[in-house]
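Breakdown of the fold
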Amino acid sequence: QVQLVEHGGGEVQAGDSLKLSCEVYGRTTRIDRLGWFRRAPGKEREFIASSQWTGDSANYIDVVKGRFIISKDSAKNTAYLEMTNLKPEDTAVYYCSAGIQWRPDPSSAEYYDYWGQGTQVTVSS
């Protein structure tokens, strides 16, 4: 089993930055990939970015490229989503997720087996 706990959400102004953390517990050696998703009010869950758990390869959706960066601290089994130049349209509940086996599409929620509880990010204009 793998457990994920997110921290770091909050209310900020447009243009501000936030750094979300995702603490990973349990059988971390099973993890293949970490993903970040968000769900904005009234919208479907949206893939944002993902990275290999043990490597540096990462991918991002276009609307966050250049503003959001994934990083990891392997010693702490913690992943981070650093968000800069936040916009009101970034307002959402943000989730980290972990997949334990390779599947064809890492931007699909079906790739991931475990999910955190989510953390609210609110960006005001």
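The structure contained in this document is the topic of the report that follows.

What counts and how
Residues numbered from 1 in each chain as written. Predicted model: local features only at pLDDT ≥ 70, side-chain atom pairs only at ≥ 80, totals over all residues. Heavy atoms only, no water. Disulfide = S-S within 2.5 Å. Helix = DSSP H or I, 4+ residues; strand = E, 2+ residues; numbered from the N terminus. Buried < 20%, exposed > 50% of the residue type's maximum accessible area, 1.4 Å probe, protein only. Phe/Tyr/Trp six-rings, centres within 6.5 Å; stacked < 30°, edge-to-face > 60°. Lys NZ or Arg CZ within 6 Å of the ring centre and 35° of its normal. Pairing = 2+ DSSP bridges. Axes fitted to C-alpha atoms, helices over the stretch in contact; angles between N-to-C directions. Lys, Arg positive; Asp, Glu negative; His and termini not counted. Salt bridge = Lys/Arg side-chain N within 4 Å of Asp/Glu carboxyl O. Polar contact = N/O pair within 3.5 Å; in protein donor to acceptor, adjacent residues only side chain to side chain. Contact = heavy atoms within 4.5 Å.

**Let's talk about the state of the cysteines**
- Overall, the coordinates contain 1 disulfide when judged by the stated rule.
- The disulfide that involves Cys22 links it to Cys96, with 2.1 Å between the sulfurs. Measuring the twist about the S-S bond at about 70°, one finds the Cys22-Cys96 disulfide to be right-handed. Placement of Cys22 in strand 3 (residues 18-26) and of Cys96 in strand 9 (residues 92-99) is noted, with a sequence separation of 74 residues between them.
- You can call Cys22 buried: its relative accessible area is 0%.
- A relative accessible area of 1% means that Cys96 is categorised as buried.

**What about the packing of aromatic side chains?**
- For the structure on display, the rule yields 5 aromatic pairs.
- Measuring from ring centre to ring centre gives 5.5 Å for Phe37 and Phe47, while their planes differ by 75°; the resulting arrangement is edge-to-face. With Phe37 in strand 4 (residues 33-39) and Phe47 in strand 5 (residues 45-52), the pair connects residues that are 10 residues apart, well separated along the chain.
- Exposure remark for Phe37: the relative accessible area of 2% places this residue in the buried category.
- Of the aromatic side chains, those joined through ring pairs into one cluster are Phe37, Phe47, Tyr111, Tyr112 and Trp115.
- Directly above the aromatic system of Tyr80 lies the positively charged group of Lys19, at a separation of 4.5 Å from the ring centroid.

**Quick look at the pairing of strand 11 (residues 119-124)**
- Only one face of strand 11 is covered, namely the one carrying Thr119, Val121 and Val123; the face carrying Gln120, Thr122 and Ser124 has none of its residues buried.
- Inspection of the sheet shows strand 2 (residues 10-13) paired to strand 11 by 4 bridges, in the parallel sense. Each bridged residue has a counterpart across the sheet, and for Val12 the counterpart in strand 11 is Val123.

**Some remarks on the sheet that holds strand 3**
- In space, the 4 strands of this open sheet follow the order 1-3-8-7, with antiparallel pairing throughout. Two strands close off the open sheet at either side, each with one partner strand: strand 1 (2-7) and strand 7 (68-73). Across the sheet, the mean angle separating the axes of adjacent strands is 20° when strand polarity is ignored.
- Note: strand 3 against strand 8 (residues 78-83), 6 bridges, orientation antiparallel. The residue bridging Glu23 from the neighbouring strand is Thr78, located in strand 8.

**What about the side chain of Arg33?**
- With respect to the element layout, Arg33 can be found in strand 4.
- For the buried residue Arg33, which engages in no salt bridge, the nearest side chain bearing the opposite charge is Asp32, 5.4 Å off.
- In terms of polar contacts, Arg33 uses its side chain to reach the side chain of Ser50, at 2.9 Å.
- In this view, Arg33 contacts Ser50, Ser51, Gln52, Trp53, Ser57, Asn59, Ser97, Ala98, Gly99, Pro106, Tyr111 and Tyr112; residues no more than four positions away in its chain are not counted.

Geometry only, nothing functional implied.
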